[in-house]
Amino acid sequence: MSIRHSLVLAAALGLAVAAPASAQDKTPPAKKPAPAMDHAAMHAEHMKQMEGGKTDAAAWKELDAYHMLMMATWHPAKDKNDLAPTRAKIGEMVTAAKAVSASKAPAACQKPALAKAQAGLAGETQKVQALVTGKADDAALKAAMKGLHDAFEVLEEGCNTGMKH
């Protein structure tokens, strides 16, 4: 039986035929990188979930904007010890925190403890900015971001925005 007939027979029987060693690719297939967490998509999903029972708290656009920045900075810091997003976005965070502090909270969020957290958010964010400006090391910056995140969560959880991250 010729090689050609053997190949045809093997193909008809559904058998795999090994290619000559010189034709084989000896490098393993490249692994695909794990997909990055898309915080904007996560936020959009939260917003869809809230559409049915939307409350006044869900309409606090300034807090929502700050939340997006917090997700973009805190998660890389916490999960991967990556402080580059914090260093890059701290100016935006300060601006957004000032907007939260100056805004009128929805009725559901007008409680003394929340008013205090709202008023203090800009100052807490500026403390992180001072560390970034002073070129603090990653450990100090991460600790400050944890404190800022905890301060932010007082508003997020107290207002029951439904936007867990």
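Above this note sits the structure.
Basis of the calculations
Residues numbered from 1 in each chain as written. Predicted model: local features only at pLDDT ≥ 70, side-chain atom pairs only at ≥ 80, totals over all residues. Heavy atoms only, no water. Phe/Tyr/Trp six-rings, centres within 6.5 Å; stacked < 30°, edge-to-face > 60°. Helix = DSSP H or I, 4+ residues; strand = E, 2+ residues; numbered from the N terminus. Buried < 20%, exposed > 50% of the residue type's maximum accessible area, 1.4 Å probe, protein only. Expected span 1.5 Å × (residues − 1). Bend = angle between axes of the 7 residues up to and from the residue. Contact = heavy atoms within 4.5 Å. Axes fitted to C-alpha atoms, helices over the stretch in contact; angles between N-to-C directions. Parallel < 35°, antiparallel > 145°, perpendicular 65-115°, else oblique. Left-handed = near helix turned anticlockwise from the far one by under 90°. Polar contact = N/O pair within 3.5 Å; in protein donor to acceptor, adjacent residues only side chain to side chain.

A word on the packing of aromatic side chains. Within a pair of aromatic rings, the relevant descriptors are the distance that separates the centres and the angle that separates the planes. A complete count under the given rule lists one aromatic pair for this structure. With a centroid separation of 5.6 Å and 40 degrees between ring planes, the pair formed by Tyr 66 and Phe 152 is classed as tilted. Residue Tyr 66 is located in helix α3 (residues 61–80), and its partner Phe 152 is located in helix α6 (residues 138–158); the two are separated by 86 residues in the primary sequence. The class of Phe 152 is buried, set by a relative accessible area of 1%.

Here helix α4 (residues 84–102) spans 28 Å end to end across 19 residues, near enough to the 27 Å set by a 1.5 Å rise per residue. Largest kink in α4: about 55 degrees, centred on Ile 90. Within the sequence span of α4, burial applies to Pro 85, Thr 86, Ile 90, Met 93, Val 94, Ala 96, Ala 97 and Val 100. Contact partners of the buried residues in α4: α3, α5 (112–133) and α6.

With that out of the way, let us pick up the packing of α5 against α6. At a minimum axis distance of 9 Å, the contact between α5 and α6 shows a crossing angle of 160 degrees. Taken together, the axis directions place α5 and α6 in an arrangement best described as roughly antiparallel. Along this stretch, α5 crosses α6, giving a crossing that reads as left-handed. Contacts from Ala 113, Leu 114, Ala 117, Gln 118, Leu 121, Glu 124, Thr 125, Val 128, Leu 131 and Val 132 in α5 reach Ala 140, Leu 141, Ala 144, Met 145, Leu 148, Ala 151, Phe 152, Val 154, Leu 155 and Gly 158 in α6.

The subject of this paragraph is α6. Here α6 spans 30 Å end to end across 21 residues, near enough to the 30 Å set by a 1.5 Å rise per residue. The largest bend along α6 measures about 25 degrees and falls at Phe 152. Of all the residues in α6, the buried ones are Leu 141, Ala 144, Met 145, Leu 148, His 149, Phe 152, Leu 155 and Glu 156. Looking at the buried side of α6, the elements it contacts are α3, α4 and α5. For α6, the side-chain oxygen to backbone nitrogen distance between the N-cap and Ala 139 is 3.3 Å, and the N-cap itself is Asp 137. With its phi angle positive at about 50 degrees, Asn 160 sits one or two positions after the end of α6.

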